[in-house]
Amino acid sequence: MPTTTAVRELPHPAREEIRLDAVLHALADPMRLRIVTALNGYGEGEGQGATCSQIELPVATSTSTHHFRVLREAGVINQCYRGTAKINCLRRADLDARFPDLLDAVLRAAASPV
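Reference entry: report on the structure contained in this document. Not measured: the values here are computed from a predicted model.

Look at helix 2 (residues 30–39) against helix 3 (residues 61–74): their axes get within 10 Å of each other, and the N-to-C directions meet at 70°. With respect to helix 3, the axis of helix 2 lies roughly perpendicular. Residues Met31, Arg32, Ile35 and Val36 of helix 2 touch helix 3, and the partners they reach there are His66, His67, Phe68, Val70 and Leu71.

Glancing now at helix 2. Every α-helix winds through 3.6 residues per turn, so residues three or four apart in the chain are directed the same way. Every buried residue of helix 2 is listed here: Met31, Arg32, Ile35, Val36 and Leu39. Taken end-on, helix 2 shows its buried residues confined to a sector of 140°, consistent with a single buried face. Buried residues in helix 2 make contact with helix 1 (20–27), strand 1 (50–51), helix 3, strand 2 (77–82), strand 3 (85–90) and helix 5 (102–111). N-cap assignment for helix 2: the residue whose side-chain oxygen lies 2.8 Å from the backbone N of Met31 is Asp29.

Per the stated rule, a full pass over the model turns up six salt bridges. Between Arg19 and Asp21 there is a salt bridge; the shortest N-O distance is 2.5 Å. Judged by relative accessible area, which is 45%, Asp21 ranks as partly exposed.

With respect to the secondary-structure elements, Glu9 resides in the segment before helix 1. Taking C-alpha positions, Glu9 is 6.7 Å from Cys80, a pair spaced 71 residues apart along the chain.

Pairing is antiparallel in the open sheet, where three strands are placed in the order 1-3-2. Since the sheet does not close on itself, it has two edges, and those belong to strand 1 and strand 2, each with one partner. Sheet topology note: the strand 2/strand 3 ladder contains six bridges and is antiparallel. Across the sheet, residue Arg82 finds its bridge partner in strand 3, namely Ala85. Strands in contact with helix 3 are strand 2 and strand 3; relative to strand 2, the strand with the most contacts, it is inclined by about 115°.

Here we come to the environment of Arg34. Mapped onto the secondary structure, Arg34 falls in helix 2. For the pair formed by Arg34 and Val106, sequence separation is 72 residues and the distance between their alpha carbons is 11 Å. Among residues more than four places away in sequence, those in contact with Arg34 are Glu56, Leu57 and Pro58.

Cut-offs and rules
Residues numbered from 1 in each chain as written. Predicted model: local features only at pLDDT ≥ 70, side-chain atom pairs only at ≥ 80, totals over all residues. Heavy atoms only, no water. Axes fitted to C-alpha atoms, helices over the stretch in contact; angles between N-to-C directions. Helix = DSSP H or I, 4+ residues; strand = E, 2+ residues; numbered from the N terminus. Parallel < 35°, antiparallel > 145°, perpendicular 65-115°, else oblique. Contact = heavy atoms within 4.5 Å. Buried < 20%, exposed > 50% of the residue type's maximum accessible area, 1.4 Å probe, protein only. Arc of directions from axis to C-beta. Polar contact = N/O pair within 3.5 Å; in protein donor to acceptor, adjacent residues only side chain to side chain. Salt bridge = Lys/Arg side-chain N within 4 Å of Asp/Glu carboxyl O. Pairing = 2+ DSSP bridges.

Nothing here speaks to function; it is geometry throughout.
What follows is the structure, encoded as structure tokens:
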């Protein structure tokens, strides 16, 4: 008897649907900016990324889940399942295509001392 594995896919906006106001709103929160900064070191694409638990945040798990969802729905990150793990990576190519240099400017500003 053949078995099938259900693929759980999460909704992401298409590149052309990513809106600047949604991206800026997502990046305005310190915890979400921390996630983006951490994901910047993990690469983009197949075989890249980090699980939610690899990015330490000083918030409850439910709050962390909310922050990842906001970033995904804004088009800042891609989330996919590998087995039971949810893998996250930046959508750098999509963001750079829509808003050239925005992500680099945000990451530079986040790294700068206040």
